[in-house]
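# Report on the structure
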Amino acid sequence: MAKELENKAKEAFLDDDFALAADCYSEAINLDPSNPLLYADRAQAHIKLQNFTEAVSDANKAIQLSPSLAKAYLRKGTACIKLEEYQTAKVALQTGASFAPDDSRFTKLIQDCDRYIAEESNDLASTLLPRVPTTPAGNGSHSTDRSIDSTKEAERDSSVPQINEVATTRPKFRHEYYQRPEEVVVTIFAKGIPADDVIVDFGEQIMSVTIAVPGQEPYRYQQRLFGKIVPDKCRVLVLSTKVEIRLAKAEALNWTSLEYSKHVLPQKINAMTNQPERPTYPSSKPRTKDWDKLEALMKKEEKEEKLDGDAALNKLFRDIYQNADEDMRRAMSKSFLESNGTVLSTDWKEVGSKKVESSPPEGLELKKWEY
């Protein structure tokens with residue numbers, strides 16, 4: 001059945017019905033989820049549909065299943081170029097070229113990546129408002145893709161429309177984000193998801209999340225990010241109520257949104273001082289007082305003050321109670337209340353199991369008042 005769906009997808013692809021091709025590949029993957037060729041071929045359909053982040057996700061899955069599948073690297077490199085992820089694209093294409101040295105498409109695309117990277121380095125404006133490259137067409141050389149890479153497909157590679165915005169799928173789970181100077185924290189509120197069912201891929205400026213949902217289509221959230229990140233420093237934490245993704249910023253920029261927008265220029269975050277300036281209090285006098293110093297001095301004087309009589313005794317009791325553990329405090333409260341203020345014990349073992357009788361001082365008599 002999976003083979004029949006694969007053949008149907010290939011026919012739809014040759015008929016330029018890329019949406020039908022992607023759907024057929026999805027059905028085939030449900031029946032044969034360990035087949036890397038299906039993911040690589042669906043990635044090509046996503047490229048034709050301009051779903052470049054989904055194409056990267058499928059290419060990564062194909063590479064995971066078959067690390068030597070050359071066309072999976074070709075798909076990833078092509079999609080990353082469209083997303084202006086030139087460094088990521090170059091690495092993928094170089095790896096793929098090592099498995100298919102006779103395929104000149106790798107060489108041509110790597111040269112394009114080098115040119116785009118050089119342009120970004122030499123011109124700051126091209127970083128803020130990047131140009132979208134056109135994917136070069138195939139040269140008619142021998143291809144490692146025997147299932148789809150026909151002559152007709154190679155001609156179509158040069159006609160992929162140029163776009164700046166990335167289409168995203170409608171989410172099943174609510175998500176939000178907040179940021180710090182050094183990172184952006186993305187939270188996806190997916191409850192009860194096993195960690196093994198969550199796959200997160202990071203690129204130079206891309207994040208792809210796939211969550212397996214029992215009985216449903218997998219949840220996919222692919223996004224070109226507002227700014228560049230450091231993939232090796234990004235972390236994923238799967239909790240019982242949510243999935244938390246920590247994106248390490250490549251630069252200390254203020255992200256005005258999670259998604260990339262060519263119309264918004266990134267802003268540098270001002271460095272914060274470690275020691276904030278102490279607040280000052282308004283005063284009409286030319287010389288102001290250090291109230292913190294004055295407060296510390298008053299506390300010191302209060303502590304060292306020598307009291308007499310009942311004041312000294314009350315202070316002693318307060319100090320004992322303040323420094324006592326829980327059992328001592330219980331003993332003091334119980335003995336004082338039950339003895340009508342005539343007994344104060346700190347031994348819970350002595351007073352905890354019995355009622356504390358009143359014990360008036362010598363020469364005094366205890367009397368009960370009637371109301």
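Residues numbered from 1 in each chain as written. Predicted model: local features only at pLDDT ≥ 70, side-chain atom pairs only at ≥ 80, totals over all residues. Heavy atoms only, no water.

## Quick word on the sheet that holds strand β7 (residues 243–248)
Pairing is antiparallel across the open sheet formed by four strands, whose spatial order is β1-β2-β7-β6. Bordering the open sheet on either side are β1 (175–179) and β6 (235–238), each of which pairs with just one other strand. Sheet twist, expressed as the average angle between the axes of neighbouring strands with direction ignored, equals 15°. Bridge count for β1 against strand β2 (residues 183–188) is five bridges, and the pairing is antiparallel. Residue Gln179 lies in a different strand from β2, and its bridge partner there is Val184. (Pairing = 2+ DSSP bridges. Helix = DSSP H or I, 4+ residues; strand = E, 2+ residues; numbered from the N terminus. Axes fitted to C-alpha atoms, helices over the stretch in contact; angles between N-to-C directions.)

## Some remarks on unusual backbone geometry
Backbone geometry at Gln50 places phi at a positive 70°, although glycine is not the residue there. Position of Gln50 among the secondary structure elements: in the loop between α3 (36–48) and α4 (52–65). Overall, Gln50 belongs to the partly exposed group, its relative accessible area being 22%. You will see that Glu84, though not glycine, has its phi angle at about 65°, which is positive. Along the polypeptide, Glu84 turns up in the loop between α5 (70–82) and α6 (86–99). Among the residues examined, Glu84 registers a relative accessible area of 4% and is labelled buried. (Buried < 20%, exposed > 50% of the residue type's maximum accessible area, 1.4 Å probe, protein only.)

## Here's the deal with a negative patch on the surface
There is a patch of like negative charges on the surface, built from Glu11, Asp15, Asp17, Asp23, Glu27 and Glu217. Note on placement: Glu11 falls in helix α1 (residues 2–14). (Patch = residues over 30% accessible without salt bridge, like charges linked within 9 Å, V, L, I, M, F, W, Y side chains within 5 Å. Areas by Shrake-Rupley, 256 points an atom, 1.4 Å probe, with all protein chains shown as cover. Salt bridge = Lys/Arg side-chain N within 4 Å of Asp/Glu carboxyl O. Lys, Arg positive; Asp, Glu negative; His and termini not counted. Charge placed at Lys NZ, Arg CZ, Asp CG, Glu CD.)

## As for the nonpolar core
One finds Ile188, Met207, Val209, Ile211, Ile245, Leu247 and Trp255 to be the most contacted residues of the largest nonpolar core, which totals 24 residues. Among the secondary structure elements, those contributing two or more residues to this core are β2, β3 (198–202), β4 (206–211), β5 (219–224) and β7. Setting aside residues no more than four positions away along its own chain, Val209 makes contact with Ile188, Ile199, Val200, Tyr219, Arg220, Tyr221, Gln222 and Ile245. Counting residues in each nonpolar core, the second largest holds 22 residues, with Ile47, Val56, Ile81 and Tyr116 among its members. (Core = buried A, V, L, I, M, F, W, Y, C linked by side-chain atoms within 4.5 Å. Contact = heavy atoms within 4.5 Å.)

## Some points on α6
An ideal rise of 1.5 Å per residue puts 20 Å on 14 residues; α6 measures up with 20 Å between its terminal C-alpha atoms. Among the residues of α6, those classed as buried are Tyr86, Thr88, Ala89, Ala92, Leu93 and Gly96. One side of α6 holds all its buried residues, which, seen down the axis, span an arc of 150°. Set apart from the buried face of α6 by more than 90 degrees, the exposed residues are Val91 and Ser98. (Expected span 1.5 Å × (residues − 1). Arc of directions from axis to C-beta.)

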